[in-house]
Amino acid sequence: MLSRHLIALPKKVPNAQWIYQPRDSNILLCGAHQSLCSSAGLAAKRNISRYNRIPLPSQACRSMASASAPSGSTKGSNSSSAYYLAAAIVGLIGVTYAAVPLYRIFCARTGYNGTPLTDASKFTRDRLRPKEESRRIKVTFASNTSDSLQWSFKPEMREVRVLPGETALTFYKAKNKSKEDIIGIATYNVTPLKAAPYFNKIQCFCFEEQQLRAGEEVDMPVFFFIDPDFADDPWMKDVNTITLSYTFFDAKYASHLIQPGYHDQQQKGTSGKPIITQGPSLGSLTTEAA
Amino acid sequence: MSFGRPPGIEAFSGEPPALGSFPLDHAGECKAFMLEYLKCLRDNKGNNGLCRHHSKAYLQCRMDKGLMTPDDMRNLGFEPDPSDKT
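Just so you know, these numbers come straight off a predicted model, no measurement behind them. Throughout, a residue's number is its position along its own chain's written sequence, starting from 1. Key to labels: chains lettered from A, ligands numbered from 1, both in the order written. Given that this is a predicted model, residues contribute local features only at a pLDDT of at least 70 and side-chain atom pairs are listed and counted only at 80 or more, while totals for whole chains, interfaces and linings are drawn from all residues. Each side-chain value is derived from all of the structure's non-hydrogen atoms; neither hydrogens nor water enter the calculation.

Attention shifts here to the nonpolar core. In this description, a nonpolar core means a group of buried Ala, Val, Leu, Ile, Met, Phe, Trp, Tyr and Cys residues linked to one another through side-chain atoms lying within 4.5 Å. Accessible area is worked out with a 1.4 Å probe on protein chains only. A residue is then buried under 20% of its type maximum, exposed over 50%, and partly exposed in between. In terms of nonpolar packing, the biggest core is built from 60 residues, with Tyr246 of chain A together with Leu59 of chain B touching the most fellow members. Where helices and strands are cited, they refer to DSSP runs of H or I of at least four residues and of E of at least two residues respectively, numbered from the N terminus. With seven residues, strand S11 (residues 217–226) of chain A is the largest single contributor of residues to this core.

This is the structure:
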């Protein structure tokens, strides 16, 4: 601090900080702030006579110091808000990563955006009764293959007219046109999108590896029905055509489409309970065809 | 949704059905039933109601040949024939 050779402090002012005022200006430099104090102190050491030293109560000094320069407490709140901001950024990045599986779960539950529903309780026996009084819905079939898959994949029939609640069978024909065994995986979609929650498939050939030998041709069935509540839904009044489209991919590039545990699901067919076929392993496929 | 993926990775859509998949009929054991069903549909202009007995026969063939888990036809939406013993 300043040497004692400055103006003497009147003794009756308790707990006062020094205020240094340059004699040629009206600026008040508060002695409580270290940097100003040191600079004022240095200047004062060199030119003591240029400053008036005025005692002020310490509270006033502190408020002036905070008005002139950021104090320690404001610095603390800056860093805490920086921590909050960083936490918010990290949290939002985490939400971005979590959004992908959450979206899939949401689609599977609600059938949003054309995702067919797979809730097993929809396949009870009483839902499989045709509603004779409603109109027949035309179900058309479409097929696609990935560019990297050398299969020809076509529906055997272009359309089928079904009643809601009536189970129906359709076939697709796939032929392996290449010179080697290829394993394919299929996915499907249903349009119009609002009709997708009503389209239920009992059994099909999708989401499981299907191996075709070189040059082999095979017929793939799909067993499906339209939920009987379709006839009662006013939103479905204008829906007369539903299109089921399958796309086949090469399993090499689409191995993430295989659902784990799906291959070995099996349940006994008791009344009211759905049945699940056990798909054969690839080893048994070759022996079966032999 | 598929923007920005590596070019070799295929897109994903839909969820698998909870009830499993048909084993492929590599030997064509039930092909005759399939052809009858298709012929019936062509004759009836795609009316599924008139050809359901053919699809029932096809599924029965699959069950007999071990290409499908045997199950009651009623669970598959087919009413049993009055002549069949249940």
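Throughout this description, the term salt bridge denotes a Lys or Arg side-chain nitrogen within 4 Å of a carboxyl oxygen of Asp or Glu. Following the criterion strictly, the structure yields seven salt bridges over all chains and no others. Between Glu166 of chain A and Arg136 of chain A there is a salt bridge, and its shortest N-O distance comes to 3.1 Å. A residue pair is termed long-range when its members are at least 10 positions apart, and Glu166 of chain A in the loop between strand S6 (159–162) and strand S7 (168–176) and Arg136 of chain A in the loop between helix H3 (72–110) and strand S4 (137–145) qualify at 30 residues. Among the residues examined, Glu166 of chain A registers a relative accessible area of 4% and is labelled buried. Here Lys194 of chain A and Asp238 of chain A are joined by a salt bridge, their closest N and O atoms 3.0 Å apart. Of this pair, Lys194 of chain A sits in the loop between strand S8 (182–191) and strand S9 (199–203) while Asp238 of chain A sits in the loop between S11 and strand S12 (241–250), and the two are 44 residues apart along the sequence. Look at Asp238 of chain A and you get exposed, because its relative accessible area is 56%. Residues joined in a network through salt bridges with shared partners are Glu156, Lys173 and Asp219 of chain A together with Lys31 of chain B.

Let us now look at the packing of aromatic side chains. What describes a pair of aromatic rings is the distance from one ring centre to the other and the angle between the planes of the rings. Residue and element names in this part refer to chain A. Note on ring pairs: Phe, Tyr and Trp rings are taken, using the six-membered ring of Trp, and paired if centres are within 6.5 Å. Classes follow the plane angle, with under 30 degrees stacked, over 60 edge-to-face and the rest tilted. Applying the stated criterion across every chain yields a total of 15 aromatic pairs over all chains. Through a chain of ring-to-ring contacts, three or more aromatic side chains come together here, namely Phe141, Trp151, Phe153, Tyr172, Tyr188, Phe199, Phe205, Phe224, Tyr246 and Phe248. In this analysis the charged atom, NZ for Lys or CZ for Arg, is taken to sit over a ring once it is within 6 Å of the ring centre and within 35 degrees of the ring normal. Above the face of the Tyr188 ring, Lys201 is positioned so that its terminal group lies 3.2 Å from the ring centre.

What follows covers a positive patch on the surface. Only residues whose relative accessible area exceeds 30% and that take part in no salt bridge are eligible for patches, with like-charged residues grouped when within 9 Å of each other and nonpolar side chains (Val, Leu, Ile, Met, Phe, Trp, Tyr) grouped when within 5 Å. Here the Shrake-Rupley method, with its probe set to 1.4 Å, supplies the accessible areas, and only the displayed protein chains count as covering residues. For the charge count, each Lys or Arg is scored as positive and each Asp or Glu as negative, with His and the chain ends excluded. Working definition for charges: the position is that of NZ of Lys, CZ of Arg, CG of Asp or CD of Glu. Judged by side-chain charge, Lys154, Arg158, Lys175 and Lys177 of chain A come together as a positively charged surface patch. With respect to the helices, strands and loops of the structure, Lys154 of chain A is situated in strand S5 (residues 151–155).

All right, on to unusual backbone geometry then. In this model, Thr191 of chain A is joined to Pro192 of chain A through a cis peptide bond whose omega is 0°. Within the fold, Pro192 of chain A resides in the loop between S8 and S9. Even without a glycine there, the phi angle at Lys45 of chain B is positive, about 60°. When its relative accessible area of 66% is taken as the criterion, Lys45 of chain B is described as exposed.

Residue and element names in this part refer to chain A. Two strands pair if DSSP finds at least two bridges between them. Pairing is mixed in the open sheet, where five strands are placed in the order S6-S4-S12-S8-S10. The open sheet has two free edges, formed respectively by S6 and strand S10 (210–212), since each of these has just one partner strand. For this sheet, the mean angle separating the axes of adjacent strands, direction not counted, is 30°. Lines fitted to the C-alpha atoms define the axes, with helices restricted to the stretch that makes contact. Angles between their N-to-C directions range from 0 to 180 degrees.

This paragraph deals with the sheet that holds S9 of chain A. Here four strands make up an open sheet; going across it, the order is S5-S7-S11-S9 (chain A) and the pairing antiparallel. For this open sheet the edge positions go to S5 and S9 of chain A, each flanked by a neighbour on one side alone. In this sheet, adjacent strand axes meet at a mean angle of 30° when their direction is disregarded. Only heavy atoms matter for contacts: two residues are in contact if any of them lie within 4.5 Å across the pair. On the sheet, helix H1 (residues 31–43) of chain B packs against S7 and S11 of chain A and is oriented at approximately 120° with respect to S7 of chain A.

Okay, the state of the cysteines next. All names here are of chain B. Disulfides are defined as pairs of cysteine sulfur atoms found within 2.5 Å of each other. Per the stated rule, a full pass over the model turns up two disulfides over all chains. What pairs with Cys30 in a disulfide is Cys61, and their sulfur atoms sit 1.9 Å apart. Of note, the bridge from Cys30 to Cys61 carries an S-S torsion of about -90° and is left-handed in sense. In this pair, Cys30 sits in the segment before H1 while Cys61 sits in helix H2 (residues 52–64), placing the two residues 31 residues apart along the sequence. The disulfide partner of Cys40 is Cys51, and the S-S distance across this bridge is 2.0 Å. One disulfide, between Cys40 and Cys51, carries an S-S torsion of -90° and so falls in the left-handed class. Remark: Cys51 occurs in the loop between H1 and H2 and Cys40 occurs in helix H1; sequence separation between them is eleven residues. Judged by its relative accessible area of 9%, Cys40 falls in the buried class. Numbered by order of appearance in the sequence, the disulfide-linked cysteines of chain B pair as 1-4, 2-3.

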